[in-house]
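Below are the chains, spelled out letter by letter.
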Amino acid sequence: MDFASPTSSALPAPSAISYNGFEENQATRQVVNSGVGLSNPKLSQGRRRMLDLVNRLHSTGVQVDIDLPQIAVIGSQSAGKSSLIESISGITLPRAAGTCTRCPTECRLSRSKGQWQCVVSLRFITDAQGQTLGQARNQVFGDVIYDKTEVEDRIRRAQKAILNPGKPAKHFLDGDEDDEEYESELSFSHNCVSLQISGPDVANLSFVDLPGLIASVSSSSKGSGDDITLVENLVKAYIKKPNCIILLTVACETDFENQGAHRLTKNFDPDGKRTIGVLTKPDRIPTGEESNWLPFIRGEKEPLENGWFSVKQPSSNDLKSKMTWDQARQKENEFFTSNPPWCELDAGYQKYLRTPNLVDRLSSILSDLISKRLPQIYEELEGNIANTRKLIATLPRPPSDNPQSEIATLLHGFVNDLAKHVEGVPDSDGLLQAIRPAQEVFRRAIRVTAPNFRPFEREFEHKRHIGRADFLVEEEGEAWGAEESEDEDTDAKGRKQKYHPSSKIYIDEVLARAHQARTRELPGHFPFVVQKTFIDAVVTKWEAPALVLCKTVHDIISEHGKKLVTKHLADFGQGHLEQRVKTILHQHIENCRAKAEQSISWLLKLEERPFSMNTHYLSDYQTKFLSHYRGERQRFDRTGLIRALDQYNGARSGLPENPAINNGSNELTGLAKVLSGLSELGLSALEPHDLQKLLPHDEMEPALSIMADVRAYFQVAYKRFADIIPLAIDQELVRGLERDLLEALYDQLGTNNTDGHEISKDLAQESPQVADKRADLGKKLERLETAQRELLGISV
């Protein structure tokens, strides 16, 4: 920001925004910028009101968040900084050998018609450990001072209170201990002493006096080498801000190049746009060396846009003689009027000499900066308040005054939400939607265990292949129509897996096993144990898919349950309640899983004995499979009857001129003629495939019957099992998830016991990190809102 001239044009501001009773618009800006310093009575009141406003903003501590306009007085140790401050403020500062200013000292000067007075306050922006406070704490230090001679002692005591944060401030206000012998806890501090000075002869100005930069620490001093860096960092914290006007003091009795304050200033204001230079102690320039300093005043050396000033302050002897402020200014004027080369400077440069001219320029620049910054400060405050409220909104809810009741509400909300998901919610990521693919995977895994019978002898293993069963295609789809087919599916975790049919069982192997099982049966008859052996071999394969389904459903509901716990409880306390509930829920799910596995085991035991009351479907399947196996076996023999059946079936599918039905003269031929003749004999109920019974007896017929029995029973049993296992898992594991869960939570959490209130309080405790963040943001919001009220809500 450009501080070059108090008459520079300002940034456009809202047409009529009232800042603390000071209406900022273009007309006002022209009045503010039209005069020349303190001598213009029209400006005095406007400046005072703006300065007072910014001073009140500083009192809120909002400078931590907003870059407020201010003047920072810096310089090397013994650069005459204290004397300059005394000349500007009209008060006497504490003096001691070495460094006497060990914390920032704010001077808020305001012209008034009333009696001269000074209020001393302590402003704490850090705690005793040096940690930044969220809200600046202002503490008035003693009564109002009406006698200037009392100020020096009060400031000394205030600085002692700042440097000893471990003791109450009142101890230093009323104590009578020897300051020289008392060892302070801190050598320097960021906390500051604030002086509010008003009176008829006081300028409208506000600035902060910073500790002098230290070049070295002697072995006899109380400080340490760290103090050099500490003071430098303290000064940097002020002058790095873009709206800080740097008042750089340089003592003329020391070579300019040896004064580190200027080098530090160049780092943060390389173009000199916001720095005002002050040459102090001009009376101590060795004779003949004045020409080394005049180029600064003329802007020829180290030029600054606001120029270099020179002031002469009372000497030590003058101070001992109790020289008054008016006498000091008169003596300063005589020095610059009568001593060459100062008195020989052109009139244009004379305005850069004497303390009143410096004060006048400082007041003009500061008031102009404040005038420019007010609209921006308002916008920045609004933006900071909005952002702080958003950050507070992202934090978990603060601990409840009645944590026991809140925990109960949260638990009921969680269990009710869980019950809805168990019953089913119409969402793509619902619990039941996540389980359904696993159930389909299970069904396919059971289906693929079907006995893979082949109605051929093993010697034809690579020569004959069984065709598809049309009735299975109609019933279960193309993939399962062929006994040799493979199927591919995706499991519950999205992984591809293939289903391979069981090992092939050839008809001669079935017949051999049947003969081995015979005991007292008549010839041509075989015991049921043969069928049971094949059935048992299939059923034993069902346990693994059933347990896999149970484990998959267990994993799905565990993950789903954890997400619901997080949804309802993540923002409560430090997360202890969330973790405790997850642990209890995990154990509850494990219990449900154990019950589901017990049910699976029980259902598998039921399948150990073949049984079905579904007589119709079992008989129907037996007939279909027996016919299918016979047909596939006979298909490779290709007898005349089989060829006739194939031609007849083809004709029935829509071939009008097939010779199996007619020869083009509408006369029946072939199989159609045979069926017509049988119908004349009263056998009209016969179907074409019934004619296969006319074929010669097949010695493998008993094996075909056994294969048809086993395969038919599998169709009935696998469908039953593929339904009952998911139902059992749903009953014990899925629905069991919500069953008695609330009672388990209350019982194991103990929040309803006699000491439930204390347990609830412990669970509701906020994490220190969140608590600290909430406190910091709360203090920041309070600070910002207080500043906003100061800016807009108080009329003058």
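As annotated in an unreviewed UniProt entry, the protein chain carries the name GED domain-containing protein and is attributed to Galerina marginata.

Draft legend 1. How the structure looks around the overall build of the protein chain. Scanning the protein chain from N- to C-terminus turns up 26 helices and 15 strands. Burial analysis of the protein chain (796 residues in total) assigns 48% to the buried set. A separation of at least 24 residues holds for 76% of the contacts in the protein chain among residues at least 6 apart in sequence. Carbon and sulfur atoms form 50% of the exposed surface of the protein chain, whose accessible area is close to 39100 Å².

Draft legend 2. Focus on helix α6 (residues 226-239). Its 14 residues give α6 an end-to-end C-alpha distance of 20 Å, which sits within 8% of 20 Å, the value for a rise of 1.5 Å per residue. For α6, the full list of buried residues reads Asp 227, Val 231, Leu 234, Val 235, Tyr 238 and Ile 239. Taken down its axis, α6 places every buried residue within 125° of arc, on the same side. The inward-facing, buried residues of α6 abut β3 (70-75), β8 (205-209), β9 (244-251) and α7 (260-268).

Draft legend 3. Local environment of the pairing of strand β4 (residues 105-111). Of all seven residues in β4, six are buried; the element is thus mostly enclosed. Note that β4 and strand β7 (residues 192-199) share seven bridges and pair parallel. Paired with Glu 106 across the two strands is Ser 194, which belongs to β7.

Draft legend 4. Representation of the pattern of salt bridges. Applying the stated criterion to the full structure yields 35 salt bridges. In this structure, Asp 555 and Lys 551 form a salt bridge, with 2.7 Å as the shortest nitrogen-oxygen distance. Remark: Lys 551 and Asp 555 occur in helix α18 (residues 543-569); sequence separation between them is four residues, near one turn of the helix. Three or more residues joined by partner-sharing salt bridges are found here, namely Glu 106, Arg 108 and Arg 123.

Draft legend 5. Structural context of the packing of α18 against helix α19 (residues 576-606). Orientation of α18 relative to α19, taken along the N-to-C sense of each, is 160°, at an axis distance of 10 Å. Considering their axes alone, α18 and α19 lie roughly antiparallel with respect to each other. Read as a crossing pair, α18 and α19 show a hand that is right-handed. Among the residues forming the contact of α18 with α19, the class breakdown is 13 nonpolar, four polar and eight charged.

Draft legend 6. Main features of the side chain of His 421. Turning to its location among the elements, His 421 is positioned in helix α13 (residues 403-423). According to the relative accessible area criterion, His 421 is buried, its value standing at 12%. In terms of polar contacts, His 421 uses its side chain to reach the backbone carbonyl oxygen of Asp 417, at 2.9 Å. Look past the residues within four positions of His 421 in its chain and what remains in contact with it is Leu 431, Leu 432, His 560 and Leu 564.

Draft legend 7. A look at the packing of aromatic side chains. According to the stated counting rule, one finds 16 aromatic pairs in the structure shown. Ring centres of Trp 542 and Phe 721 lie 4.7 Å apart, and the angle between their planes is 25°; this geometry places the pair in the stacked category. Of this pair, Trp 542 sits in the loop between α17 (529-539) and α18 while Phe 721 sits in helix α23 (residues 701-734); the two residues are 179 residues apart in sequence, bridging distant segments of the chain. Note on Trp 542: relative accessible area 1%, which makes it buried.

Draft legend 8. Structural context of unusual backbone geometry. In this structure, Pro 341 follows Pro 340 across a cis peptide bond, with omega equal to 5°. Mapped onto the secondary structure, Pro 341 falls in the loop between α10 (325-338) and α11 (347-350). Notably, Lys 281 is not glycine yet its phi reads approximately 55°, a positive angle. You can see Lys 281 is positioned in the loop between β10 (275-280) and α8 (294-297). One non-glycine residue with positive phi stands out, namely Glu 302, at about 45°. Relative to the elements of secondary structure, Glu 302 occurs in the loop between α8 and β11 (308-310).

Draft legend 9. Summary view of empty space enclosed by the protein. Enumeration over the complete set of coordinates arrives at eight cavities of 30 Å³ or more. As a volume, the largest cavity reaches approximately 110 Å³. Every residue lining the largest cavity is counted, 13 residues in all, and those nearest its centre are Pro 94, Thr 101, Thr 105, Ile 155 and Gln 159. Mapped onto the lining of the largest cavity, the elements with two or more residues apiece are α3 (81-89), β4 and α4 (151-163). Split by residue class, the lining of the largest cavity holds eight nonpolar, four polar and one charged.

Draft legend 10. Up close: the confidence of the model for the protein chain. Per-chain confidence: the protein chain averages 82 in pLDDT, with 82% of residues scoring 70 or above. Confidence drops under a pLDDT of 50 for residues 5-16, and excluding neighbours within four residues, the segment shows 26 contacts in the predicted structure. Residue range residues 24-42 is modelled with pLDDT below 50. Its contacts to residues more than four positions away, or to other chains, number 42 contacts.

Draft legend 11. Local environment of the pairing of β3. Extensive coverage of β3 is indicated by the burial of six of its six residues. Covered by surrounding structure in β3 are Gln 70, Ala 72 and Ile 74 together with Ile 71, Val 73 and Gly 75, the residues of both alternating faces. Of the strand pairs in this sheet, β3 and β9 are connected by six bridges, and their pairing is parallel. Each residue of the ladder has a partner; that of Val 73, found in β9, is Leu 247. Two elements, β3 and β8, share two bridges in a ladder whose sense is parallel. Its bridge partner lying in β8, Ala 72 is registered against Val 208.

How each quantity is defined
- Here the residue numbering is sequential within each chain, running from 1 through the sequence in written order.
- Local features are withheld for residues below a pLDDT of 70 in this predicted model, meaning they are given only at 70 or higher, and side-chain atom pairs are given and counted only at 80 or more; totals for whole chains, interfaces and linings count all residues.
- Excluding hydrogens and water, the side-chain values take into account all heavy atoms of the structure.
- Only DSSP runs of H or I with at least four residues qualify as helices, and only runs of E with at least two residues qualify as strands; both kinds are numbered from the N terminus onward.
- Exposure is judged per residue with a 1.4 Å probe applied to protein chains only, and the accessible area is read against the type maximum: over 50% gives exposed, under 20% gives buried, and values in between give partly exposed.
- Residue contacts follow a heavy-atom distance rule, with two residues in contact if any of their heavy atoms lie within 4.5 Å.
- The Shrake-Rupley method, run with a 1.4 Å probe, gives the accessible areas here. Residue values count only the displayed protein chains as cover.
- Each helix should span, by expectation, one fewer than its residue count multiplied by 1.5 Å.
- This arc describes the spread of directions from the helix axis toward the C-beta atoms.
- A pair of strands is labelled paired if DSSP reports no fewer than 2 bridges between them.
- A pairing counts as a salt bridge when a side-chain nitrogen of Lys or Arg comes within 4 Å of a carboxyl oxygen of Asp or Glu.
- Axes here mean lines fitted to C-alpha atoms, for a helix over just the part in contact, with angles spanning 0 to 180 degrees between N-to-C directions.
- Note on terminology: angles under 35 degrees are roughly parallel, angles over 145 are roughly antiparallel, angles of 65 to 115 are roughly perpendicular, and the others are oblique.
- By definition, any crossing whose near helix is turned counterclockwise from its far helix by less than a right angle is left-handed, and any crossing with a clockwise turn is right-handed.
- Nonpolar residues are Ala, Val, Leu, Ile, Met, Phe, Trp, Tyr, Cys and Pro. Charged residues are Asp, Glu, Lys and Arg, and all others, Gly as well, are polar.
- Polar contacts here mean pairs of N or O atoms no more than 3.5 Å apart (in protein, one a potential hydrogen donor and the other a potential acceptor; neighbouring residues in sequence count only if both atoms are side-chain atoms).
- Centres within 6.5 Å are what make two rings of Phe, Tyr or Trp a pair, Trp counting through its six-membered ring; a difference in plane orientation under 30 degrees is then read as stacked, over 60 as edge-to-face, and the rest as tilted.
- With a 1 Å grid laid over protein atoms only, a set of points is called a cavity when a 1.4 Å probe fits there but cannot get out and a pocket when it is open yet has protein on both sides within 12 Å along at least five of seven lines; lining residues have an atom within 4 Å of a point.
- Grid points are joined across faces, edges and corners, and a volume is the space filled by probe spheres set on the points.
- The predictor rates its confidence in each residue with pLDDT, a number between 0 and 100.

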